[in-house]
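# Structural features, examined
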Amino acid sequence: MDNREEVREFLMTRRARVSPEAADIPAGSNRRVEGLRRSEVATLAGVSVEYYSKLERGAIAGASASVLDAISRALQLSDAEHAHLLDLARNADGIPSSGRHRRRSTKPGPPRPSLEWALASITDSVAVVRDQRQNLLAFNDLGRAFYSPLIGDGGRVPNFARFQFLDPASHDFYPDWDRFADMCVAVIRAEAGRDPHDKGIQDLVGELSTRSELFRTLWAAHNVRAHGSGKKRFHHPVVGELTLVYEELAITAEPGQVLLIYSAEPGSPSAERLKLLASWGADTPTTADSATS
């Protein structure tokens, strides 16, 4: 991914999103731009128009943290967007923000036994591990039952983004499919900003851009977000609708990997359905179980 182009498109799309009214600037008449003018952003950030125009052309290398903070405030960036701008600046300076070096894409290896034991100890919630390329790497028993539409029996490493955009079953599994699609792309964009030389991310973006028109459209919007925590709705083919809250935790021993835990409010219908799903999962043999029986 070209860093200068990424910076240019990100700043231009953020500037177009902020109205003069939102920035407490008189709109005036005969405005020919959507959102703010470059000169207005420069004034709000306390920099010259020439300097801001240089940044928006993609020449962000060497920009100070104070200038980037001021531009973030002027463009009303979210915390995730501000972090993304800092990632783009670090990479322009040749400093990988993730602490990772350039590398070729490698197939995910088996999870460590200690990680599998930790996952197995979580019995009342869905617990899975994903990497920065959206691969689902490991899961507890309830996670295997919950994500059975995604995991399937194909044998290859399941991938959240491919399931979202390339598998029709995702439309049933995700009642809020459009929201999930936007979220999925925004998370990948943030990961790409942290590690633009990750070939696995580049290959994933290339594949989805080729095969999904909607992915291309959402990717061009340059939206970013952190997954963090929140609430989601699902429709599982076995137990029906589930409303779950999630927490995403970084696995420090494996940079780029996160532990994702979905839980239901105690005593809620979703909690009862999770218990039913756990019973179903315990009675359903895995592919490995079937092969050894």
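Now for a quick tour of the structure. Please read all numbers here as calculations on a predicted model, not as lab measurements. (Residues numbered from 1 in each chain as written. Predicted model: local features only at pLDDT ≥ 70, side-chain atom pairs only at ≥ 80, totals over all residues. Heavy atoms only, no water.)

### Thoughts on the overall build of the protein chain
Formally: Secondary structure follows DSSP: runs of H or I at least 4 residues long count as helices, runs of E at least 2 residues long count as strands, and numbering of each begins at the N terminus. We call a residue buried when its accessible area falls under 20% of the maximum for its residue type, exposed when it is over 50%, and partly exposed in between, using a 1.4 Å probe and counting protein chains only. For the purpose of charge, His is not counted, nor are the chain termini; Lys and Arg are scored as positive and Asp and Glu as negative. Positions of charges follow a simple convention, taking NZ of Lys, CZ of Arg, CG of Asp or CD of Glu.
The secondary structure content of the protein chain amounts to 15 helices and 5 strands. Summarising its shape, the C-alpha atoms of the protein chain cover approximately 70 × 40 × 35 Å along the three principal directions. In the protein chain, which comprises 293 residues, the share counted as buried stands at 45%. Of the charged side chains in the protein chain, 36 are positive and 39 negative; the average position of the first set lies 6 Å away from that of the second.

### Some thoughts on the pattern of salt bridges
Under the convention used in this document: Salt bridge criterion: a side-chain nitrogen from Lys or Arg within 4 Å of a carboxyl oxygen from Asp or Glu.
Enumeration over the complete set of coordinates arrives at 18 salt bridges. The partner of Glu6 in a salt bridge is Arg189, and the shortest N-O contact between them spans 2.4 Å. Here the residue Glu6 occupies a position in helix H1 (residues 3–17), and Arg189 occupies one in helix H11 (residues 177–194), the gap between them amounting to 183 residues. Under the relative-accessibility criterion, Arg189 is labelled buried at 2%. A salt bridge links Arg112 to Glu254, with the shortest nitrogen-to-oxygen separation between them at 3.0 Å. Within this pair, whereas Arg112 is found in the loop between helix H5 (79–92) and helix H6 (113–120), its partner Glu254 is found in the loop between strand E4 (240–250) and strand E5 (258–263), the two being separated by 142 residues in sequence. A residue is classified by how much of its surface remains accessible, and Arg112, at 30% relative accessible area, is partly exposed. A relative accessible area of 27% places Glu254 in the partly exposed class. Counted as one network, the salt bridges with shared partners bring together Arg130, Glu191, Arg194 and Glu248.

### Considering the nonpolar core
Threshold: Residues enter a nonpolar core if they are buried and are Ala, Val, Leu, Ile, Met, Phe, Trp, Tyr or Cys, with the set joined through side-chain atoms within 4.5 Å. Any two residues whose heavy atoms approach within 4.5 Å are treated as being in contact.
If you look at the biggest cluster of nonpolar residues, it comprises 42 residues, and the most contacted ones within it are Phe146, Tyr147, Phe165 and Ile188. With 9 residues, the top contributor of residues to this core is H11. Ignoring anything within four residues of it in the chain, the contact list for Phe146 reads Val126, Phe173, Phe234, His236, Leu242, Leu244 and Leu277.

### Regarding the packing of H5 against H11
Note the threshold: Lines fitted to C-alpha atoms define the axes, with helix axes restricted to the stretch in contact, and inter-axis angles between N-to-C directions lie between 0 and 180 degrees. Roughly parallel means an angle under 35 degrees; roughly antiparallel, over 145; roughly perpendicular, 65 to 115; everything else is oblique. By definition, any crossing whose near helix is turned counterclockwise from its far helix by less than a right angle is left-handed, and any crossing with a clockwise turn is right-handed.
Orientation of H5 relative to H11, taken along the N-to-C sense of each, is 30°, at an axis distance of 8 Å. The angle between H5 and H11 falls in the class roughly parallel. Along this stretch, H5 crosses H11, giving a crossing that reads as left-handed. Between H5 and H11, the residues in contact are His84, Asp87 and Asn91 and Arg189, Ala190, Gly193 and Arg194, respectively.

### Topic: the pairing of E4
Condition: For two strands to pair, DSSP has to find at least two bridges joining them.
As paired strands, strand E3 (residues 229–236) and E4 are joined by 8 bridges and run antiparallel to one another. Paired with Ser229 across the bridge in E4 is Glu247. Here E3 folds back onto E4 in antiparallel fashion, the turn holding 3 residues. Strand direction decides the pairing type here: E4 and E5, joined by 6 bridges, are antiparallel.

### Side note on H11
So the rule is basically this: Here, expected helix span is obtained from the residue count minus one, scaled by 1.5 Å.
The end-to-end C-alpha distance of H11 is 26 Å, a good match for the 26 Å that 18 residues give at a rise of 1.5 Å each. Of all 18 residues making up H11, 14 are buried, and the element is well covered by its neighbours.

### Some remarks on the packing of helix H2 (residues 38–45) against helix H3 (residues 49–56)
Look at H2 against H3: their axes get within 9 Å of each other, and the N-to-C directions meet at 110°. When the interaxial angle is binned, H2 and H3 end up roughly perpendicular. Taken as a pair, H2 and H3 cross one another with a handedness that is right-handed. For the pair formed by H2 and H3, the contact residues are Arg38, Ser39, Val41 and Ala42 on the first element and Val49, Tyr52, Ser53 and Glu56 on the second.

### Comments concerning unusual backbone geometry
Where the residue is not glycine, phi is negative for most of them; where a peptide bond is considered, it is trans in most cases. A positive phi angle, close to 55°, is found at Gln76, a residue other than glycine. With respect to the helices and strands, Gln76 occurs in the loop between helix H4 (65–74) and H5. One non-glycine residue, His222, adopts positive backbone phi at about 60°.

### Things to note about the sheet that holds strand E2 (residues 136–139)
Strand order in the open sheet formed by 5 strands is E2-E1-E5-E4-E3, with antiparallel pairing between adjacent strands. Each of the sheet's edge strands pairs with one partner strand only, and the pair in question is E2 and E3. Taken pair by pair, the neighbouring strands of this sheet meet at an average axis angle of 30°, ignoring direction. In terms of strand pairing, strand E1 (residues 126–130) meets E2 through 3 bridges, oriented antiparallel. Within E2, the position partnered with Val129 by the bridge is Ala138. Strand contacts of H6: E1, E2 and E5, with the helix running at about 155° to E1, the strand carrying the most contacts. Most of the contacts of H11 go to E3, to which it runs at about 130°, and overall it touches E1, E3 and E4.

### Comments concerning the packing of aromatic side chains
Aromatic rings in a pair are described by how distant their centres are and how their planes are angled relative to each other. The line we're drawing: Any pair of Phe, Tyr and Trp rings, taking the six-membered ring for Trp, is counted once the centres come within 6.5 Å. Such a pair is stacked with planes under 30 degrees apart, edge-to-face with planes over 60 apart, and tilted for the rest. Only lysine NZ and arginine CZ atoms are considered, and such an atom sits over a ring when it is within 6 Å of the ring centre and within 35 degrees of the ring normal.
One pass over the structure, following the stated rule, counts 18 aromatic pairs. Taken together, a centroid distance of 6.0 Å and an interplanar angle of 55° make the contact between Tyr147 and Phe173 tilted. Taken together, the residues span a long stretch of sequence, with Tyr147 in the loop between helix H7 (141–146) and helix H8 (148–151) and Phe173 in helix H10 (residues 169–173) at a distance of 26 residues. Judged by relative accessible area, Tyr147 falls into the buried class, the value being 2%. In this structure Phe173 comes out as buried when scored by relative accessible area, which is 2%. Relative to Tyr174, the ring of Phe173 lies with its centre 5.2 Å away and its plane at 55°, an arrangement referred to as tilted. The two residues Phe173 and Tyr174 agree in class, both being buried. Ring-pair connections join several aromatic residues into one group, and the members of that group are Phe146, Tyr147, Phe160, Phe163, Phe173, Tyr174, Phe180, Phe234, Tyr246 and Tyr262. Sitting over the face of the ring of Trp219, Arg189 holds its NZ or CZ atom 3.7 Å from the ring centroid. We note Lys232 situated over the ring of Phe180; from NZ or CZ to the ring centre the distance is 4.9 Å.

Everything listed here is a matter of geometry and, on its own, says nothing about what the molecule does.
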